Amino acid sequence: MRRFPLILAATTATLLLAACQKQPEPAAEAAAEPAPAAEAVAPPATETVAPIDTKALPGVFAGTLPCASCPGIDTRLELMADGTFKLDEHYQDQADGDFELGGTWTVEGEPATGESLRLDPNSKRDDDRLYRLVSVDELRLLDIEGQDIDSTLDYGLRREAAGDADAAAAE
């Protein structure tokens, strides 16, 4: 059911691109034109995505994620250099709203298609969580299929300054 909007968007984009193409010109001019058009399309894909230095990822990321049953989920994710993580979540205005999760983290994907961070919990009762690597200072929560969440709400976690992370850990 979630694939229908994606298929509809892809079909619409294809139709729009096909409708916007120039009409064929005489053979001599048409043969010379396609090469520049292909060159004009290719560079933006390589220029827009830069690889992220995953060795710079360890640190603490925090933010308040949207919640359907409460005002928000205060989230603190600590990525350790040894490939483990600790995730603390506090569901605001919930009596039993504190949760802690630990496990391992890995980076998946290629820079051209978008890299993501996978959290693999130690407990197999819990599902993996995926985040888009926006930069070494920002992660964005993805849906269970690893796709961006189509919403105007903020699903981002941002790196805490070293002093902020130390103070939060002491609490």
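Residues numbered from 1 in each chain as written. Predicted model: local features only at pLDDT ≥ 70, side-chain atom pairs only at ≥ 80, totals over all residues. Heavy atoms only, no water.

(A) Up close: the sheet that holds strand 4 (residues 98-108). Taken together, eight strands build a closed barrel; the order of strands is 1-2-3-4-5-6-7-8 and the barrel is antiparallel. On average, each strand axis in the sheet is tilted by 30° relative to the strand beside it, whichever way the strands run. Pairing analysis gives seven bridges linking strand 1 (residues 59-65) to strand 2 (residues 73-79), with the strands arranged antiparallel. Bridge pairing in strand 2 links Ala 62 to Arg 76. (Pairing = 2+ DSSP bridges. Helix = DSSP H or I, 4+ residues; strand = E, 2+ residues; numbered from the N terminus. Axes fitted to C-alpha atoms, helices over the stretch in contact; angles between N-to-C directions.)

(B) Quick peek at the environment of Ile 149. For Ile 149, the position within the fold is in the loop between strand 7 (138-141) and strand 8 (156-159). Exposure remark for Ile 149: the relative accessible area of 28% places this residue in the partly exposed category. With sequence-adjacent residues up to four places away left out, Ile 149 is seen in contact with Leu 141, Leu 142, Asp 143 and Tyr 155. (Buried < 20%, exposed > 50% of the residue type's maximum accessible area, 1.4 Å probe, protein only. Contact = heavy atoms within 4.5 Å.)

(C) Region of interest: the pairing of strand 3 (residues 84-91). As judged from the seven bridges shared by strand 2 and strand 3, these two strands associate in the antiparallel manner. Pairing of Leu 77 across the sheet is with Leu 87, part of strand 3. Hairpin geometry of strand 2 and strand 3 is characterised by an intervening segment of four residues between the two adjacent antiparallel strands and by a positive phi of about 90° at Gly 83. The pairing of strand 3 with strand 4 spans seven bridges and is antiparallel. What sits directly across from Asp 88, in strand 4, is Glu 100. Between strand 3 and strand 4, which pair antiparallel in sequence order, lie six residues; one of them, Asp 93, sits at a positive phi of approximately 60°.

(D) View of the pattern of salt bridges. The tally for this structure, following the rule as stated, stands at 11 salt bridges. Of the charged contacts in the structure, one is a salt bridge between Glu 108 and Arg 118, with a shortest N-O distance of 2.6 Å. One end of the pair, Glu 108, is in strand 4; the other, Arg 118, is in strand 5 (residues 116-121), with 10 residues separating them in the sequence. Arg 158 is paired through a salt bridge with Asp 154; the nearest N and O atoms lie 3.2 Å apart. Residue Arg 158 is classed as partly exposed on the basis of its relative accessible area of 36%. Given a relative accessible area of 41%, Asp 154 falls into the partly exposed group. (Salt bridge = Lys/Arg side-chain N within 4 Å of Asp/Glu carboxyl O.)

(E) Here's a closer look at unusual backbone geometry. Unusually for a residue other than glycine, Asp 93 sits at a positive phi of about 60°. Mapped onto the elements, Asp 93 comes out in the loop between strand 3 and strand 4.

(F) Summary view of the side chain of Glu 89. Along the polypeptide, Glu 89 turns up in strand 3. With a relative accessible area of 9%, Glu 89 lands in the buried category. At a separation of 2.5 Å, a polar atom in the side chain of Glu 89 contacts the side chain of Arg 129. With residues up to four places along the chain from it excluded, the contact list for Glu 89 reads Ile 73, Asp 74, Thr 75, Gly 97, Asp 98, Phe 99 and Arg 129. (Polar contact = N/O pair within 3.5 Å; in protein donor to acceptor, adjacent residues only side chain to side chain.)

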